[in-house]
Amino acid sequence: MRLVRKLIQGGTVAVLAVVGAQVAMALLVGEERLRLGGLALSVGVPSFLAAVLLFPLSGAAVSSRWRLGARVVVATAAVCLVNRLLVFRVWERSSLASLVPDPSALDGNAKLLLAAMATAVVLAFVAQPVMAWAARRR
């Protein structure tokens, strides 16, 4: 039963991450074509793995906004790193230096990743009281 819950949880997070990434691409980068296949690989799979490995949260993990925020930042950063490696096809490059974005002229992928990090932290801080209440109730 625990495996089924983990799979449902990971699948839900992955679907939400892919849809969120598609919407973010439309709003931030102006991408009008659906990229669900590529996003499923570069966002969905890492999001699924992060959700299965780092969640569900215990009562102790959601007891403070900083604990929850730290966990959310780690999960989001891992997904963002994998996304950047896959989008830039790291296996075809001789140097990894090109993966580091130029702060003066961010590429579309870097803008999306920064937006993802900021959104994840804000949502974690906003959702923490409700999550702590739910954990105490359980």
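What you see is a predicted model; the values in this text were computed from it and never measured.

### Description of the confidence of the model for the protein chain
So, step 1. Summary statistics for the protein chain give a mean pLDDT of 79 and a share of 97% for residues scoring 70 or more.
So, step 2. Taken element by element, the protein chain is modelled with least confidence in helix α1 (residues 2-29), mean pLDDT 77, and with most confidence in helix α3 (residues 65-87), mean pLDDT 82.

### A word on the environment of V126
So, step 1. By the element assignment, V126 lies in helix α4 (residues 108-137).
So, step 2. Remark: the alpha-carbon pair of V126 and R65, spanning 61 residues in sequence, is separated by 8.6 Å.

### Some points on a nonpolar patch on the surface
So, step 1. On the surface, V15, V19, V23, L27, L28 and V29 cluster together into a nonpolar patch covering about 560 Å² of accessible area.
So, step 2. Within the secondary structure, V15 is located in helix α1.
So, step 3. The exposed category is assigned to V15, whose relative accessible area is 53%.

### Some remarks on α4
So, step 1. Taking 1.5 Å per residue, 30 residues should reach 44 Å; α4 reaches 42 Å between its end C-alpha atoms and fits that length.
So, step 2. Where α4 is concerned, the buried positions are N109, A110, L112, L113, A120, A124, Q128 and A132.

### As for the nonpolar core
So, step 1. With ten residues, the main nonpolar core is built from A50, F55, V62, L68, V72, A75, V79, A120, A124 and A132.
So, step 2. Breaking this core down by element, the ones donating at least two residues are α3 and α4.
So, step 3. In terms of residue count, the dominant contributor to this core is α3 (four residues).
So, step 4. When near neighbours in sequence (up to four residues on either side) are disregarded, V79 contacts S42, V43, P46, S47 and A50.
So, step 5. Counting six residues, the second largest nonpolar core, distinct from the first, contains A21, L39, V43 and L112.

### Focus on the packing of aromatic side chains
So, step 1. One pass over the full model with this rule turns up one aromatic pair.
So, step 2. Their ring planes at 85 degrees and their centres at 5.1 Å tell us that W66 and F125 sit as a pair that is edge-to-face. On the criterion of sequence distance, the pair formed by W66 in helix α3 and F125 in helix α4 is long-range, its members being 59 residues apart.
So, step 3. On the basis of relative accessibility, which here comes to 69%, the residue W66 falls in the exposed class.

Each value, and the rule that gives it
Residues numbered from 1 in each chain as written. Predicted model: local features only at pLDDT ≥ 70, side-chain atom pairs only at ≥ 80, totals over all residues. Heavy atoms only, no water. pLDDT = per-residue confidence, 0-100. Helix = DSSP H or I, 4+ residues; strand = E, 2+ residues; numbered from the N terminus. Patch = residues over 30% accessible without salt bridge, like charges linked within 9 Å, V, L, I, M, F, W, Y side chains within 5 Å. Areas by Shrake-Rupley, 256 points an atom, 1.4 Å probe, with all protein chains shown as cover. Salt bridge = Lys/Arg side-chain N within 4 Å of Asp/Glu carboxyl O. Buried < 20%, exposed > 50% of the residue type's maximum accessible area, 1.4 Å probe, protein only. Expected span 1.5 Å × (residues − 1). Core = buried A, V, L, I, M, F, W, Y, C linked by side-chain atoms within 4.5 Å. Contact = heavy atoms within 4.5 Å. Phe/Tyr/Trp six-rings, centres within 6.5 Å; stacked < 30°, edge-to-face > 60°.

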